[in-house]
Amino acid sequence: MSEQNNLSAIEKIKMKSDGLRGTIAESLQDELTGAIREDDQALLKFHGMYQQDDRDLRESRAESKLDRLYSFMIRLRLPGGFLNPDQWIAVHNVAGENTTGVIKITTRQTIQLHGLLKANIKPTIQAFNKVKLDSIATCGDINRNVLCSSHPKQSPIHAEIFAYADEISSLLMPKTKAYYEIWLDEEKIVDKKDEEDPLYQDRYLPRKFKIGIVIPPNNDIDVFANDLGLIAIIENNKLLGFNVAVGGGLSTTHGNPQTYARLATVLGFVSTEESKEKLFKTIYEIATIQRDYGNRSDRKLARIKYTIDRVGVEWFKEEIARRTGFALEPARSYSFTERTDYFGWQQNNEGLWYYTVFSENGRVLDDENAATKTALLEIAKTGKANFRFTCNQNVIVSDVKEEDKATVHQILQEFNVIQFTEKSSLIRKNSMACVALPTCPLAFAEAQRYLPTLISRIEPLLEKHKLTEEEIIIRMTGCPNGCGRSHVSEIGFVGTSLGRYNLHLGGDHCGERLNTIYKENLDENGILLELDQLFGNFVKDRNKGESIGDYAVRKKLV
Ligand code: SRM
Ligand code: SF4
């Protein structure tokens, strides 16, 4: 079993937390500071929030001898990434009243709001609760938001998969009622037996745990970046079951060679034709293996990717069988041909329409490009569409009936959303950046605030080399944790310090091969020089249909 001695500090905080309560309730009462107590900060994550401060203001506040400007980021639990119109309106209102106003779509198909002051946390969670939204377990050492392919109504299979995301999220929810007590003022649990948690017990998992379900051939969710990935196996429009892949995770730490990015390994297949039970048992027991064998002393090495490499893939498979009572079947064949969002209007098998809106780096706001936030509110007010989020940080205005399409179209057009989506270049629409500065405490460099500018400087290079029609997946993160999944892009930038990035190449087009560092610590000029040269050589030497990542590998650039 995992290290029982030398437990990390967070393990001890979890153990004595009384079901994730800690002293959060007392911390909230303390009016002398906008922060909460240190131990409670670790527990707050399990309730879906991070304490942060505005890093742009750190220096000036320190000079004026002021404490940091503390606030909180809240992340919603949205399995499969879905909001109905009332829920969108609630999110819009909370964002305007209690946070910075920007609605941020994340790379894991949900929404984050930043800048929430301590005093406003409770009213915010209560407002969400009124429309049946919560933030339980969206952060912390626990199963996170469950992803699924983003266009769930494209075929009957998509609807089925979407339901799986919801059920898996419920299966792995913590049993503690702390969230309801602290934030929703529900009565305190008298008999602690009511919240006994056979899965998470008192220490939860050693680290975060991520699950995603994908429908080939579009790997739009980057299934192999998940701790546990499920690949739907479909024959003649019938869902047969899932290939199960374990051990994905992208984070590395600069200068720590023990850390590495890893894609999940496909272990085998589970049929769901007769019942879902075998699949759910497999998922549950994979979580218990990680619970029991994950590293609890060094958090840098605690993800399941390190566990599976330590115990070995074959042992891991046998242990799943020992715990579930059945062996995984041999993996079924599948293939990915793309990793994309389908922008613009699309119609599904039931005749419903959906429009995928390009929301650069997931930031839904009104700016000089488009008044996306107003447009989406106006659409929500009509009640004629739902809202779905993609793992590429975009929003789909969905489930629009034929007779309502013109109304929705007109609103999108009135606020320039259609124009912005249509005129944005392919490279921009295939780009993604993590949040980074000013809120992320781990950022070494800018990401979402800088990538749009860098792309505007890369676009002329693509024009020069006649590559504007090339679907190149380009991503940036402010540090090597990989929140914008830069390690599985074709051109990846990983921040090393302010204004400097490692340039990664060699990822394939569908997210089945990691990229590696090509050049280190480049500033903007360095990046543009390298890309100019790369694009020039690529155009000259590429094989027919070869992607830029495959080219970089064939030419041994990485
Ligand atoms: Fe992440 C930590 C933002 C997806 C790997 N991530 C953070 C924190 C919470 C910083 C912190 O610990 O204080 C960032 C908050 C920034 C802010 O101000 O909002 C943050 N991560 C994000 C989001 C919002 C990026 C985005 O712009 O969309 C994504 C939210 C996902 C969600 O809705 O749940 C986000 N994070 C990811 C992904 C991508 C994915 O899962 O597909 C990864 C890489 C995959 C993986 O998990 O390996 C990722 N985030 C991390 C890590 C590295 C974990 C590790 O294994 O060491 C950290 C740091 C940590 O946990 O210690 C981290
Ligand atoms: Fe922050 Fe790093 Fe994640 Fe970007 S990749 S949001 S900088 S932790």
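Structure: above.
Parameters and conventions
Residues numbered from 1 in each chain as written. Chains lettered and ligands numbered in written order. Predicted model: local features only at pLDDT ≥ 70, side-chain atom pairs only at ≥ 80, totals over all residues. Heavy atoms only, no water. Axes fitted to C-alpha atoms, helices over the stretch in contact; angles between N-to-C directions. Helix = DSSP H or I, 4+ residues; strand = E, 2+ residues; numbered from the N terminus. Parallel < 35°, antiparallel > 145°, perpendicular 65-115°, else oblique. Contact = heavy atoms within 4.5 Å. Nonpolar A, V, L, I, M, F, W, Y, C, P; charged D, E, K, R; others polar. Pairing = 2+ DSSP bridges. Buried < 20%, exposed > 50% of the residue type's maximum accessible area, 1.4 Å probe, protein only. Near = heavy atom within 4 Å. Polar contact = N/O pair within 3.5 Å; in protein donor to acceptor, adjacent residues only side chain to side chain.

1. Focus on the packing of helix H10 (residues 304-311) against helix H11 (residues 313-324)
Point 1. Where H10 contacts H11, the axes come no closer than 6 Å and their chain directions differ by 100 degrees. With respect to each other, H10 and H11 are oriented roughly perpendicular. On H11, the residues touching Ile-304, Ile-308 and Val-311 of H10 are Val-313, Trp-315 and Phe-316.
Point 2. Looking at side-chain class alone, the contact of H10 with H11 contains six nonpolar, no polar and no charged residues.

2. So, the sheet that holds strand E1 (residues 49-53)
In any sheet, the strands associate via hydrogen bonds between backbone groups, in a parallel or an antiparallel arrangement.
Point 1. Spatially, E1-E2-E5-E4-E13 is the arrangement adopted by the five strands of the open sheet, whose pairing is antiparallel. Bordering the open sheet on either side are E1 and strand E13 (363-364), each of which pairs with just one other strand.
Point 2. Where strand E4 (residues 103-105) lies against E13, two bridges are found, and the strand directions are antiparallel. Of the residues in E13, the one forming a bridge with Ile-103 is Val-364.

3. Points about helix H12 (residues 372-382)
An α-helix turns once per 3.6 residues; consequently, residues spaced three or four apart project the same way.
Point 1. Listing the buried residues of H12 in full gives Thr-372, Lys-373, Ala-375, Leu-376, Leu-377, Ile-379 and Ala-380.
Point 2. Downstream of H12 by one or two residues, Gly-383 has phi in the positive range, about 70 degrees.

4. Here we look at the site of ligand 2
Point 1. All residues adjacent to ligand 2 are Cys-434, Val-435, Ala-436, Cys-440, Leu-442, Ala-443, Thr-477, Gly-478, Cys-479, Asn-481, Gly-482 and Cys-483.
Point 2. Grouping the amino acids of the shell around ligand 2 by side-chain chemistry returns eight nonpolar, four polar and no charged.

5. A look at the site of ligand 1
Point 1. Inspection of the region around ligand 1 gives 30 residues, with Thr-106, Leu-250, Thr-439, Cys-483 and Arg-485 positioned closest.
Point 2. For ligand 1, an oxygen atom lies 2.7 Å from a polar atom in the backbone of Leu-250.
Point 3. Sorting the residues of the shell around ligand 1 by element identifies E1, strand E2 (70-75) and strand E5 (111-116) as the ones contributing at least two each.
Point 4. Looking at the shell around ligand 1, its residues break down into 10 nonpolar, 12 polar and eight charged.

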